[in-house]
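# Observations on chain architecture
As a plain string of letters, each chain reads:
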Amino acid sequence: MSAVSVVSVVVAVVLLSGVFIASAHGRIGLPAMVGFVALGCGIAALDPDLLTAISPGVATNLSSIALAMILFDGGLHTTPERVRRAFWPAMSLATLGVLAQSAIMTALAHAVLRLPWLSSAMLGVAASSTDAASVFSVLGNASLKARLSDVLEVESGTNDPMTFFLMTVLIDLARTGGHGLRPLDVAGLFVAQMGIGLCVGLGAGYLGRKLLQTARLDAPGLYPAVTLAMALLSFGAAQMLLGSGFLAVYLTGVVMASARMGERVAVLRFHEGLAWIVQIVMFVVLGCFLVPRDFADVAVPGLLLACGAIFVARPAAVWLSTLFFRMGADERWFLAWAGLRGAAPIVLILFAVEAHVQGYIALVEVVFFVVIASALVQGMTVEWLAEKLGLVQAAPSESMCELLAVAREAAVMVPIEVAPGSPNAGKKLRDLAFPPDTLCYAVVRGGKAVVPRGSTRIREGDHLLVLAHEGAVNELERLFHADQVGKAEALP
(Lines give C-alpha, C1' and ligand atoms only; values in the text may rest on other atoms or scores of the structure.)
Protein backbone atom coordinates (compact mmCIF):
# COMPACT_ATOMS: atom_id res chain seq x y z
CA MET A 1 0.00 0.00 0.00
CA SER A 2 1.56 3.29 -1.09
CA ALA A 3 1.91 6.28 1.21
CA VAL A 4 0.08 8.44 -1.34
CA SER A 5 -3.04 6.28 -1.22
CA VAL A 6 -3.05 6.28 2.60
CA VAL A 7 -2.67 10.06 2.73
CA SER A 8 -5.44 10.46 0.14
CA VAL A 9 -7.86 8.36 2.18
CA VAL A 10 -6.97 10.13 5.45
CA VAL A 11 -7.40 13.60 3.91
CA ALA A 12 -10.72 12.56 2.36
CA VAL A 13 -12.01 11.24 5.70
CA VAL A 14 -10.86 14.39 7.49
CA LEU A 15 -12.55 16.72 4.97
CA LEU A 16 -15.80 14.74 4.90
CA SER A 17 -15.88 14.63 8.70
CA GLY A 18 -15.23 18.36 8.78
CA VAL A 19 -18.10 19.02 6.40
CA PHE A 20 -20.51 17.04 8.58
CA ILE A 21 -19.24 18.81 11.71
CA ALA A 22 -19.71 22.22 10.08
CA SER A 23 -23.23 21.24 8.97
CA ALA A 24 -24.10 20.05 12.48
CA HIS A 25 -22.95 23.40 13.83
CA GLY A 26 -25.85 25.12 12.06
CA ARG A 27 -28.38 22.75 13.62
CA ILE A 28 -27.16 22.41 17.21
CA GLY A 29 -25.25 25.67 17.61
CA LEU A 30 -21.96 24.03 18.63
CA PRO A 31 -19.05 26.01 17.11
CA ALA A 32 -17.50 24.00 14.28
CA MET A 33 -13.96 24.74 15.50
CA VAL A 34 -14.55 22.65 18.62
CA GLY A 35 -15.59 19.69 16.49
CA PHE A 36 -12.52 20.04 14.25
CA VAL A 37 -10.17 20.05 17.26
CA ALA A 38 -11.97 17.05 18.77
CA LEU A 39 -11.55 15.22 15.47
CA GLY A 40 -7.80 15.88 15.60
CA CYS A 41 -7.64 14.60 19.19
CA GLY A 42 -9.45 11.44 18.11
CA ILE A 43 -7.09 10.83 15.20
CA ALA A 44 -4.04 11.34 17.45
CA ALA A 45 -5.49 8.89 19.98
CA LEU A 46 -5.88 6.25 17.27
CA ASP A 47 -2.33 6.78 16.01
CA PRO A 48 -0.03 8.16 18.75
CA ASP A 49 2.94 8.10 16.36
CA LEU A 50 1.29 10.73 14.19
CA LEU A 51 3.10 13.56 15.98
CA THR A 52 6.43 12.27 14.75
CA ALA A 53 5.29 13.14 11.22
CA ILE A 54 3.72 16.47 12.23
CA SER A 55 6.37 18.49 14.01
CA PRO A 56 5.63 21.91 15.54
CA GLY A 57 7.53 23.45 12.62
CA VAL A 58 5.32 21.73 10.05
CA ALA A 59 2.18 22.68 11.99
CA THR A 60 3.32 26.30 12.28
CA ASN A 61 4.06 26.64 8.56
CA LEU A 62 0.81 24.93 7.59
CA SER A 63 -1.19 27.07 10.01
CA SER A 64 0.48 30.29 8.81
CA ILE A 65 -0.50 29.61 5.19
CA ALA A 66 -4.00 28.62 6.30
CA LEU A 67 -4.39 31.80 8.34
CA ALA A 68 -3.20 33.85 5.35
CA MET A 69 -5.92 32.28 3.17
CA ILE A 70 -8.55 32.99 5.85
CA LEU A 71 -7.43 36.62 6.10
CA PHE A 72 -7.49 37.00 2.31
CA ASP A 73 -11.05 35.66 2.19
CA GLY A 74 -11.98 38.16 4.90
CA GLY A 75 -10.36 40.95 2.89
CA LEU A 76 -12.35 40.02 -0.22
CA HIS A 77 -15.54 40.51 1.80
CA THR A 78 -14.36 43.87 3.19
CA THR A 79 -14.53 46.64 0.63
CA PRO A 80 -12.43 49.83 0.97
CA GLU A 81 -15.64 51.73 1.79
CA ARG A 82 -16.21 49.51 4.82
CA VAL A 83 -12.60 50.00 5.90
CA ARG A 84 -13.03 53.78 5.73
CA ARG A 85 -16.21 53.65 7.82
CA ALA A 86 -14.66 51.52 10.55
CA PHE A 87 -11.02 52.59 10.30
CA TRP A 88 -10.38 54.54 13.50
CA PRO A 89 -12.30 52.41 16.05
CA ALA A 90 -11.01 49.22 14.41
CA MET A 91 -7.41 50.48 14.45
CA SER A 92 -7.77 51.49 18.09
CA LEU A 93 -9.05 48.00 18.96
CA ALA A 94 -6.29 46.36 16.91
CA THR A 95 -3.48 48.34 18.58
CA LEU A 96 -4.42 49.88 21.92
CA GLY A 97 -6.97 47.13 22.52
CA VAL A 98 -4.45 44.36 21.81
CA LEU A 99 -1.85 45.98 24.08
CA ALA A 100 -4.40 46.35 26.91
CA GLN A 101 -5.62 42.76 26.57
CA SER A 102 -2.06 41.46 26.40
CA ALA A 103 -1.05 43.34 29.55
CA ILE A 104 -4.05 42.10 31.54
CA MET A 105 -3.67 38.50 30.36
CA THR A 106 0.08 38.61 31.07
CA ALA A 107 -0.56 39.62 34.67
CA LEU A 108 -3.26 36.95 35.06
CA ALA A 109 -1.07 34.23 33.52
CA HIS A 110 1.84 35.14 35.81
CA ALA A 111 -0.41 35.05 38.88
CA VAL A 112 -2.23 31.83 37.99
CA LEU A 113 0.47 29.71 36.32
CA ARG A 114 3.51 31.08 38.20
CA LEU A 115 5.42 31.23 34.92
CA PRO A 116 8.21 33.75 34.21
CA TRP A 117 7.04 37.12 32.96
CA LEU A 118 8.30 36.46 29.43
CA SER A 119 6.41 33.19 29.07
CA SER A 120 3.33 34.78 30.62
CA ALA A 121 3.57 37.65 28.13
CA MET A 122 3.56 35.15 25.24
CA LEU A 123 0.36 33.62 26.55
CA GLY A 124 -1.13 37.08 27.05
CA VAL A 125 -0.35 38.11 23.47
CA ALA A 126 -1.63 34.83 22.00
CA ALA A 127 -4.91 35.10 23.88
CA SER A 128 -5.52 38.66 22.62
CA SER A 129 -6.11 37.92 18.94
CA THR A 130 -9.77 37.70 17.94
CA ASP A 131 -11.50 36.18 14.94
CA ALA A 132 -14.50 37.88 13.33
CA ALA A 133 -15.05 34.90 11.01
CA SER A 134 -16.03 32.88 14.08
CA VAL A 135 -18.51 35.59 15.07
CA PHE A 136 -20.22 35.71 11.69
CA SER A 137 -20.30 31.91 11.38
CA VAL A 138 -22.22 31.58 14.65
CA LEU A 139 -24.54 34.48 13.80
CA GLY A 140 -25.96 32.44 10.91
CA ASN A 141 -28.36 34.51 8.82
CA ALA A 142 -28.65 37.26 11.43
CA SER A 143 -27.24 40.54 10.17
CA LEU A 144 -25.46 42.92 12.52
CA LYS A 145 -25.84 46.65 12.14
CA ALA A 146 -23.39 47.85 9.51
CA ARG A 147 -21.17 49.79 11.90
CA LEU A 148 -20.57 46.86 14.25
CA SER A 149 -20.10 44.44 11.38
CA ASP A 150 -17.49 46.70 9.78
CA VAL A 151 -15.59 47.29 13.03
CA LEU A 152 -15.45 43.57 13.84
CA GLU A 153 -14.28 42.60 10.35
CA VAL A 154 -11.59 45.27 10.08
CA GLU A 155 -10.38 44.69 13.64
CA SER A 156 -9.99 40.95 13.08
CA GLY A 157 -8.04 41.54 9.87
CA THR A 158 -5.64 44.02 11.46
CA ASN A 159 -5.11 42.72 15.00
CA ASP A 160 -3.38 39.56 13.77
CA PRO A 161 -0.40 41.52 12.37
CA MET A 162 -0.14 43.35 15.71
CA THR A 163 -0.17 40.18 17.81
CA PHE A 164 2.32 38.45 15.50
CA PHE A 165 4.64 41.46 15.79
CA LEU A 166 4.44 41.36 19.60
CA MET A 167 5.12 37.60 19.61
CA THR A 168 8.16 38.14 17.36
CA VAL A 169 9.56 40.69 19.82
CA LEU A 170 8.98 38.36 22.78
CA ILE A 171 10.66 35.41 21.07
CA ASP A 172 13.66 37.62 20.21
CA LEU A 173 13.86 38.60 23.87
CA ALA A 174 13.71 34.94 24.90
CA ARG A 175 16.52 34.02 22.51
CA THR A 176 18.76 36.89 23.69
CA GLY A 177 18.10 36.26 27.35
CA GLY A 178 16.02 39.41 27.75
CA HIS A 179 18.71 41.70 26.40
CA GLY A 180 19.61 43.24 23.07
CA LEU A 181 16.31 44.90 22.10
CA ARG A 182 15.96 48.55 23.02
CA PRO A 183 12.67 50.48 22.75
CA LEU A 184 13.92 52.25 19.63
CA ASP A 185 14.74 48.88 18.07
CA VAL A 186 11.22 47.68 18.80
CA ALA A 187 9.69 50.84 17.33
CA GLY A 188 11.85 50.54 14.22
CA LEU A 189 10.89 46.88 13.80
CA PHE A 190 7.20 47.78 14.12
CA VAL A 191 7.44 50.52 11.49
CA ALA A 192 9.41 48.24 9.17
CA GLN A 193 7.08 45.26 9.47
CA MET A 194 3.88 47.22 9.12
CA GLY A 195 5.28 49.55 6.46
CA ILE A 196 6.50 46.69 4.29
CA GLY A 197 3.25 44.81 4.81
CA LEU A 198 1.26 47.93 3.89
CA CYS A 199 3.25 48.63 0.72
CA VAL A 200 3.31 45.03 -0.48
CA GLY A 201 -0.38 44.55 0.29
CA LEU A 202 -1.50 47.69 -1.52
CA GLY A 203 0.86 47.04 -4.45
CA ALA A 204 -0.21 43.41 -4.90
CA GLY A 205 -3.86 44.38 -4.50
CA TYR A 206 -3.58 47.12 -7.12
CA LEU A 207 -1.81 44.76 -9.52
CA GLY A 208 -4.40 42.06 -8.93
CA ARG A 209 -7.24 44.52 -9.46
CA LYS A 210 -5.75 45.65 -12.79
CA LEU A 211 -5.36 42.03 -13.89
CA LEU A 212 -8.98 41.25 -13.06
CA GLN A 213 -10.27 44.37 -14.80
CA THR A 214 -8.25 44.02 -18.00
CA ALA A 215 -7.86 40.26 -18.42
CA ARG A 216 -10.25 38.50 -20.77
CA LEU A 217 -9.80 34.92 -19.61
CA ASP A 218 -11.36 32.15 -21.67
CA ALA A 219 -12.33 29.92 -18.73
CA PRO A 220 -14.20 31.29 -15.67
CA GLY A 221 -12.14 28.98 -13.46
CA LEU A 222 -9.02 31.01 -14.24
CA TYR A 223 -10.24 34.04 -12.27
CA PRO A 224 -9.88 32.28 -8.87
CA ALA A 225 -6.41 31.19 -10.00
CA VAL A 226 -5.47 34.87 -10.39
CA THR A 227 -6.81 35.86 -6.97
CA LEU A 228 -5.14 32.89 -5.26
CA ALA A 229 -1.83 33.70 -6.96
CA MET A 230 -2.00 37.32 -5.77
CA ALA A 231 -2.79 36.20 -2.22
CA LEU A 232 0.22 33.88 -2.13
CA LEU A 233 2.42 36.50 -3.82
CA SER A 234 1.57 39.25 -1.34
CA PHE A 235 1.98 36.99 1.70
CA GLY A 236 5.24 35.41 0.51
CA ALA A 237 6.81 38.64 -0.78
CA ALA A 238 6.08 40.53 2.44
CA GLN A 239 7.52 37.71 4.55
CA MET A 240 10.65 37.53 2.38
CA LEU A 241 11.16 41.27 2.85
CA LEU A 242 10.77 40.80 6.65
CA GLY A 243 7.41 42.56 6.67
CA SER A 244 4.00 41.49 7.96
CA GLY A 245 2.68 38.94 5.48
CA PHE A 246 -0.64 38.80 7.33
CA LEU A 247 -1.23 42.53 6.94
CA ALA A 248 -0.17 42.33 3.28
CA VAL A 249 -2.49 39.46 2.36
CA TYR A 250 -5.47 41.07 4.13
CA LEU A 251 -4.92 44.42 2.38
CA THR A 252 -4.53 42.64 -0.97
CA GLY A 253 -7.96 41.13 -0.48
CA VAL A 254 -9.47 44.49 0.51
CA VAL A 255 -8.07 46.28 -2.56
CA MET A 256 -9.09 43.49 -4.93
CA ALA A 257 -12.59 43.46 -3.44
CA SER A 258 -13.25 46.77 -5.23
CA ALA A 259 -12.31 45.35 -8.65
CA ARG A 260 -14.92 44.82 -11.32
CA MET A 261 -14.49 41.16 -12.11
CA GLY A 262 -16.69 39.16 -14.44
CA GLU A 263 -16.71 36.09 -12.22
CA ARG A 264 -17.07 37.71 -8.79
CA VAL A 265 -19.46 35.08 -7.43
CA ALA A 266 -17.19 32.25 -8.60
CA VAL A 267 -14.15 33.93 -7.01
CA LEU A 268 -15.91 34.54 -3.70
CA ARG A 269 -17.26 30.99 -3.64
CA PHE A 270 -13.80 29.57 -4.38
CA HIS A 271 -12.09 31.47 -1.57
CA GLU A 272 -14.93 30.80 0.86
CA GLY A 273 -14.55 27.08 0.14
CA LEU A 274 -10.76 27.29 0.41
CA ALA A 275 -11.06 29.08 3.76
CA TRP A 276 -13.28 26.29 5.07
CA ILE A 277 -10.89 23.60 3.82
CA VAL A 278 -7.82 25.17 5.44
CA GLN A 279 -9.76 25.75 8.68
CA ILE A 280 -10.72 22.07 8.82
CA VAL A 281 -7.21 20.86 8.08
CA MET A 282 -5.57 23.39 10.40
CA PHE A 283 -7.72 22.70 13.46
CA VAL A 284 -7.54 18.95 12.95
CA VAL A 285 -3.74 19.14 12.75
CA LEU A 286 -3.59 21.38 15.82
CA GLY A 287 -5.95 19.03 17.64
CA CYS A 288 -3.39 16.26 17.12
CA PHE A 289 -1.10 18.09 19.57
CA LEU A 290 -3.62 17.83 22.39
CA VAL A 291 -3.71 14.97 24.88
CA PRO A 292 -7.17 15.13 26.47
CA ARG A 293 -6.01 13.50 29.72
CA ASP A 294 -3.55 16.39 30.20
CA PHE A 295 -6.46 18.80 30.27
CA ALA A 296 -7.19 17.67 33.80
CA ASP A 297 -3.91 19.20 34.95
CA VAL A 298 -4.67 22.60 33.43
CA ALA A 299 -8.46 22.59 33.92
CA VAL A 300 -8.50 24.92 36.93
CA PRO A 301 -5.87 27.46 35.75
CA GLY A 302 -7.22 27.20 32.19
CA LEU A 303 -10.75 27.97 33.39
CA LEU A 304 -9.51 30.92 35.47
CA LEU A 305 -7.61 32.37 32.50
CA ALA A 306 -10.52 31.77 30.13
CA CYS A 307 -12.81 33.67 32.51
CA GLY A 308 -10.20 36.40 32.76
CA ALA A 309 -9.98 36.70 28.97
CA ILE A 310 -13.75 36.71 28.46
CA PHE A 311 -14.98 38.75 31.42
CA VAL A 312 -12.02 41.02 32.25
CA ALA A 313 -9.39 41.50 29.55
CA ARG A 314 -11.57 41.87 26.45
CA PRO A 315 -14.23 44.17 28.05
CA ALA A 316 -11.56 46.40 29.60
CA ALA A 317 -9.69 46.62 26.30
CA VAL A 318 -12.85 47.46 24.34
CA TRP A 319 -13.99 50.19 26.70
CA LEU A 320 -10.49 51.70 26.85
CA SER A 321 -9.89 51.66 23.08
CA THR A 322 -13.36 53.02 22.17
CA LEU A 323 -13.39 55.72 24.84
CA PHE A 324 -13.13 58.57 22.33
CA PHE A 325 -15.59 57.20 19.75
CA ARG A 326 -19.32 57.64 19.65
CA MET A 327 -20.60 54.24 20.71
CA GLY A 328 -23.41 53.24 22.99
CA ALA A 329 -22.92 50.97 25.97
CA ASP A 330 -24.82 48.20 24.16
CA GLU A 331 -22.39 48.36 21.21
CA ARG A 332 -19.37 48.30 23.50
CA TRP A 333 -20.69 45.33 25.48
CA PHE A 334 -21.39 43.46 22.28
CA LEU A 335 -17.90 44.19 20.88
CA ALA A 336 -16.50 42.89 24.16
CA TRP A 337 -18.55 39.68 24.04
CA ALA A 338 -17.96 39.16 20.31
CA GLY A 339 -14.18 38.91 20.77
CA LEU A 340 -14.10 35.20 19.95
CA ARG A 341 -10.73 33.51 19.73
CA GLY A 342 -10.01 31.41 16.67
CA ALA A 343 -7.00 30.11 14.79
CA ALA A 344 -4.53 32.94 15.44
CA PRO A 345 -3.94 32.31 19.20
CA ILE A 346 -3.01 28.68 18.54
CA VAL A 347 -0.75 29.59 15.61
CA LEU A 348 0.92 32.25 17.76
CA ILE A 349 1.65 29.90 20.62
CA LEU A 350 3.20 27.38 18.21
CA PHE A 351 5.92 29.96 17.57
CA ALA A 352 6.67 29.80 21.31
CA VAL A 353 6.79 25.99 21.04
CA GLU A 354 9.32 26.23 18.22
CA ALA A 355 11.43 28.59 20.32
CA HIS A 356 11.21 26.19 23.32
CA VAL A 357 10.46 28.97 25.77
CA GLN A 358 10.14 28.02 29.42
CA GLY A 359 6.82 26.30 30.15
CA TYR A 360 5.80 26.03 26.49
CA ILE A 361 3.90 22.75 27.02
CA ALA A 362 1.63 24.37 29.60
CA LEU A 363 1.23 27.40 27.32
CA VAL A 364 -0.10 25.26 24.46
CA GLU A 365 -2.63 23.46 26.64
CA VAL A 366 -3.83 26.63 28.36
CA VAL A 367 -4.21 28.56 25.08
CA PHE A 368 -6.22 25.69 23.63
CA PHE A 369 -8.36 25.75 26.76
CA VAL A 370 -8.97 29.50 26.42
CA VAL A 371 -9.82 29.24 22.70
CA ILE A 372 -12.23 26.34 23.16
CA ALA A 373 -13.87 27.99 26.18
CA SER A 374 -14.31 31.20 24.16
CA ALA A 375 -15.85 29.25 21.29
CA LEU A 376 -18.28 27.46 23.59
CA VAL A 377 -19.27 30.24 25.99
CA GLN A 378 -19.26 33.24 23.66
CA GLY A 379 -19.91 31.40 20.41
CA MET A 380 -23.13 29.83 21.64
CA THR A 381 -24.51 33.08 23.10
CA VAL A 382 -23.31 35.87 20.77
CA GLU A 383 -26.37 35.65 18.50
CA TRP A 384 -28.70 35.74 21.50
CA LEU A 385 -26.88 38.80 22.88
CA ALA A 386 -27.03 40.64 19.53
CA GLU A 387 -30.79 40.13 19.40
CA LYS A 388 -31.23 41.00 23.09
CA LEU A 389 -29.38 44.31 22.63
CA GLY A 390 -31.30 45.13 19.44
CA LEU A 391 -28.19 45.16 17.29
CA VAL A 392 -29.55 42.91 14.53
CA GLN A 393 -31.07 44.52 11.48
CA ALA A 394 -33.50 43.02 9.02
CA ALA A 395 -31.81 41.17 6.16
CA PRO A 396 -32.79 38.61 3.51
CA SER A 397 -32.96 35.09 4.89
CA GLU A 398 -30.64 33.87 2.13
CA SER A 399 -27.30 35.29 1.05
CA MET A 400 -26.65 36.68 -2.44
CA CYS A 401 -24.78 33.53 -3.43
CA GLU A 402 -27.68 31.26 -2.39
CA LEU A 403 -30.18 33.43 -4.25
CA LEU A 404 -28.05 33.38 -7.38
CA ALA A 405 -27.71 29.62 -7.12
CA VAL A 406 -31.51 29.27 -7.11
CA ALA A 407 -31.85 31.72 -10.01
CA ARG A 408 -29.34 29.74 -12.06
CA GLU A 409 -31.64 26.73 -11.94
CA ALA A 410 -34.57 28.65 -13.42
CA ALA A 411 -33.13 31.27 -15.77
CA VAL A 412 -30.47 31.80 -18.42
CA MET A 413 -28.67 34.79 -19.87
CA VAL A 414 -28.94 35.48 -23.60
CA PRO A 415 -26.49 37.99 -25.17
CA ILE A 416 -27.71 39.74 -28.33
CA GLU A 417 -25.69 42.07 -30.57
CA VAL A 418 -27.78 44.41 -32.74
CA ALA A 419 -26.39 44.06 -36.26
CA PRO A 420 -25.92 46.96 -38.74
CA GLY A 421 -29.12 47.48 -40.69
CA SER A 422 -31.16 45.49 -38.18
CA PRO A 423 -34.91 46.16 -38.34
CA ASN A 424 -34.82 46.43 -34.52
CA ALA A 425 -32.35 49.34 -34.56
CA GLY A 426 -34.04 52.63 -33.69
CA LYS A 427 -36.95 50.96 -31.91
CA LYS A 428 -37.80 51.53 -28.28
CA LEU A 429 -37.57 48.51 -26.02
CA ARG A 430 -41.28 48.67 -25.23
CA ASP A 431 -42.08 48.39 -28.94
CA LEU A 432 -40.35 45.02 -29.22
CA ALA A 433 -42.54 41.96 -28.72
CA PHE A 434 -40.38 40.30 -26.08
CA PRO A 435 -41.78 36.86 -25.19
CA PRO A 436 -43.18 36.25 -21.71
CA ASP A 437 -40.70 35.33 -18.97
CA THR A 438 -37.95 37.54 -20.43
CA LEU A 439 -36.35 40.78 -19.31
CA CYS A 440 -33.76 43.00 -20.96
CA TYR A 441 -31.92 44.08 -17.86
CA ALA A 442 -28.86 45.77 -19.41
CA VAL A 443 -27.69 47.40 -22.64
CA VAL A 444 -23.92 47.58 -23.15
CA ARG A 445 -23.09 50.49 -25.45
CA GLY A 446 -19.59 51.72 -26.22
CA GLY A 447 -18.08 49.90 -23.29
CA LYS A 448 -20.61 51.37 -20.86
CA ALA A 449 -23.67 49.77 -19.29
CA VAL A 450 -27.03 51.48 -19.80
CA VAL A 451 -29.85 50.62 -17.42
CA PRO A 452 -32.71 50.11 -19.86
CA ARG A 453 -36.18 51.63 -19.67
CA GLY A 454 -39.14 51.12 -21.91
CA SER A 455 -38.23 54.37 -23.70
CA THR A 456 -34.61 53.32 -24.38
CA ARG A 457 -33.90 53.21 -28.12
CA ILE A 458 -31.78 50.39 -29.45
CA ARG A 459 -28.82 51.34 -31.63
CA GLU A 460 -26.71 49.40 -34.06
CA GLY A 461 -23.84 47.71 -32.22
CA ASP A 462 -25.68 47.58 -28.89
CA HIS A 463 -25.26 44.45 -26.84
CA LEU A 464 -28.46 43.42 -25.05
CA LEU A 465 -28.33 41.17 -22.01
CA VAL A 466 -31.65 39.37 -21.75
CA LEU A 467 -32.69 37.31 -18.76
CA ALA A 468 -35.02 34.57 -19.90
CA HIS A 469 -36.63 31.28 -19.06
CA GLU A 470 -35.09 28.46 -21.07
CA GLY A 471 -38.38 27.90 -22.90
CA ALA A 472 -38.35 31.45 -24.25
CA VAL A 473 -34.94 31.23 -25.96
CA ASN A 474 -36.36 30.04 -29.31
CA GLU A 475 -38.81 32.95 -29.39
CA LEU A 476 -35.96 35.38 -28.68
CA GLU A 477 -34.01 33.93 -31.61
CA ARG A 478 -37.02 34.47 -33.90
CA LEU A 479 -37.51 38.04 -32.66
CA PHE A 480 -33.84 38.90 -33.27
CA HIS A 481 -33.36 36.72 -36.36
CA ALA A 482 -31.46 39.53 -38.13
CA ASP A 483 -29.09 40.04 -35.19
CA GLN A 484 -26.34 38.05 -33.53
CA VAL A 485 -27.94 35.95 -30.78
CA GLY A 486 -25.38 34.30 -28.54
CA LYS A 487 -25.55 31.03 -26.71
CA ALA A 488 -27.85 30.97 -23.71
CA GLU A 489 -25.79 30.44 -20.58
CA ALA A 490 -26.47 29.98 -16.88
CA LEU A 491 -26.10 32.99 -14.61
CA PRO A 492 -22.51 33.46 -13.33
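This write-up is about the structure you can find in this document. (Residues numbered from 1 in each chain as written. Predicted model: local features only at pLDDT ≥ 70, side-chain atom pairs only at ≥ 80, totals over all residues. Heavy atoms only, no water.)

What follows concerns the overall build of the protein chain. The number of helices and strands found in the protein chain is 19 helices and 8 strands. Here the contacts in the protein chain between residues at least 6 apart in sequence split such that 82% fall between residues at least 24 apart. Per element, the accessible surface of the protein chain, about 23200 Å² overall, is 65% carbon and sulfur. (Helix = DSSP H or I, 4+ residues; strand = E, 2+ residues; numbered from the N terminus. Contact = heavy atoms within 4.5 Å. Areas by Shrake-Rupley, 256 points an atom, 1.4 Å probe, with all protein chains shown as cover.)

A separate point is the packing of helix α9 (residues 183–214) against helix α10 (residues 222–240). Close contact between α9 and α10 brings their axes to 9 Å; oriented N to C, the two are set at 160°. The angle between α9 and α10 falls in the class roughly antiparallel. Crossing of α9 against α10: the hand is right-handed. Facing I196, V200, A204, L207, G208, L211 and L212 of α9, the residues of α10 in contact are Y223, V226, T227, M230, S234, A237 and A238. Among the residues forming the contact of α9 with α10, the class breakdown is 11 nonpolar, 3 polar and no charged. (Axes fitted to C-alpha atoms, helices over the stretch in contact; angles between N-to-C directions. Parallel < 35°, antiparallel > 145°, perpendicular 65-115°, else oblique. Left-handed = near helix turned anticlockwise from the far one by under 90°. Nonpolar A, V, L, I, M, F, W, Y, C, P; charged D, E, K, R; others polar.)

Moving on: the side chain of T130. Within the element layout of this structure, T130 appears in the loop between α6 (117–126) and α7 (132–139). A distance of 2.9 Å separates polar atoms of two side chains, one belonging to T130 and the other to N159. For T130, the residues in contact, after removing those within four places along its chain, are E155, S156, N159, D160, R314, G339 and L340. (Polar contact = N/O pair within 3.5 Å; in protein donor to acceptor, adjacent residues only side chain to side chain.)

Moving on, we get to the packing of α9 against helix α11 (residues 245–257). Between α9 and α11, the least distance of the axes is 7 Å, while the angle of their chain directions is 35°. The interaxial crossing formed by α9 with α11 has right-handed handedness. For the pair α9 and α11, the contacting residues are M194, G197, L198, V200, G201, L202, A204, G205, Y206, G208, R209 and L212 in the first and L247, A248, L251, T252, V255 and M256 in the second. For the contact of α9 with α11, the per-class residue count stands at 12 nonpolar, 5 polar and 1 charged.

At R114, a residue that is not glycine, the phi angle is positive and equals roughly 60°. Secondary-structure assignment places R114 in the loop between α5 (80–113) and α6. Owing to a relative accessible area of 70%, R114 belongs among the exposed residues under this scheme. With phi around 65°, L242 is a residue other than glycine that occupies positive phi space. Among the structural elements, L242 can be located in the loop between α10 and α11. Residue class for L242 comes out exposed when judged on its relative accessible area of 65%. (Buried < 20%, exposed > 50% of the residue type's maximum accessible area, 1.4 Å probe, protein only.)

Structurally, S258 can be placed in the loop between α11 and α12 (264–287). Judged by relative accessible area, which is 29%, S258 ranks as partly exposed. The spacing of S258 and P80 is 178 residues in sequence and 7.0 Å in space, taken between C-alpha atoms. In contact with S258, not counting residues within four places along its chain, are P80, R209 and R264.

Bringing the pairing of strand β3 (residues 412–417) into the picture now. As paired strands, β3 and strand β6 (residues 463–468) are joined by 6 bridges and run antiparallel to one another. Within β6, the position partnered with V414 by the bridge is V466. In terms of strand pairing, β3 meets strand β8 (residues 489–490) through 2 bridges, oriented antiparallel. Residue pairing for β8: M413 is matched across the bridge by E489. Across 2 bridges, the pairing between β3 and strand β7 (residues 484–485) is antiparallel. The residue bridging I416 from the neighbouring strand is V485, located in β7. (Pairing = 2+ DSSP bridges.)

What follows concerns the pattern of salt bridges. Counted under the stated rule, the structure contains 5 salt bridges. A salt bridge links R84 to E81, with the shortest nitrogen-to-oxygen separation between them at 3.3 Å. Residue R84 and its partner E81 are both found in helix α5; the two are separated by 3 residues, about one turn of the helix. You can call E81 partly exposed: its relative accessible area is 40%. A salt bridge links D462 to R445, with the nearest nitrogen and oxygen atoms 2.7 Å apart. Of this pair, D462 sits in the loop between β5 (448–450) and β6 while R445 is found in strand β4 (residues 438–445), placing the two residues 17 residues apart along the sequence. Salt bridges sharing common partners tie together R82, R85 and D150. (Salt bridge = Lys/Arg side-chain N within 4 Å of Asp/Glu carboxyl O.)

Another point: the nonpolar core. Grouped together as the largest cluster of nonpolar side chains are 109 residues, with contacts concentrated most on L123, M282, F283, L305, F334 and L335. Sort the elements by how many residues they give to this core and helix α8 (residues 146–175) lands first, with 13 residues. Beyond its immediate sequence surroundings of up to four residues, M282 is in contact with S63, A66, I70, A343 and V347. Counting 15 residues, the second-largest nonpolar core is a separate cluster that includes C440, V443, V466 and V473. (Core = buried A, V, L, I, M, F, W, Y, C linked by side-chain atoms within 4.5 Å.)

Turning our eyes to something else, we now look at the pairing of β4. Pairing analysis gives 6 bridges linking β4 to β6, with the strands arranged antiparallel. Bridging from a neighbouring strand, V444 pairs with H463 of β6. Bridge analysis of β4 against β5 gives 3 bridges, and the strand direction is antiparallel. What sits directly across from V444, in β5, is A449.

Tallied over the entire structure, the rule returns 8 aromatic pairs. Judged by centre distance (5.8 Å) and plane angle (90°), the ring pair of F164 and F351 falls under edge-to-face. In this pair, F164 sits in helix α8 while F351 sits in helix α15 (residues 343–355), placing the two residues 187 residues apart along the sequence. A residue is classified by how much of its surface remains accessible, and F164, at 9% relative accessible area, is buried. When its relative accessible area of 24% is taken as the criterion, F351 is described as partly exposed. With 5.7 Å between their ring centres and 45° between their planes, F311 and W337 make a pair best called tilted. With F311 in helix α13 (residues 295–321) and W337 in helix α14 (residues 329–337), this pair connects stretches of sequence that are 26 residues apart. (Phe/Tyr/Trp six-rings, centres within 6.5 Å; stacked < 30°, edge-to-face > 60°.)

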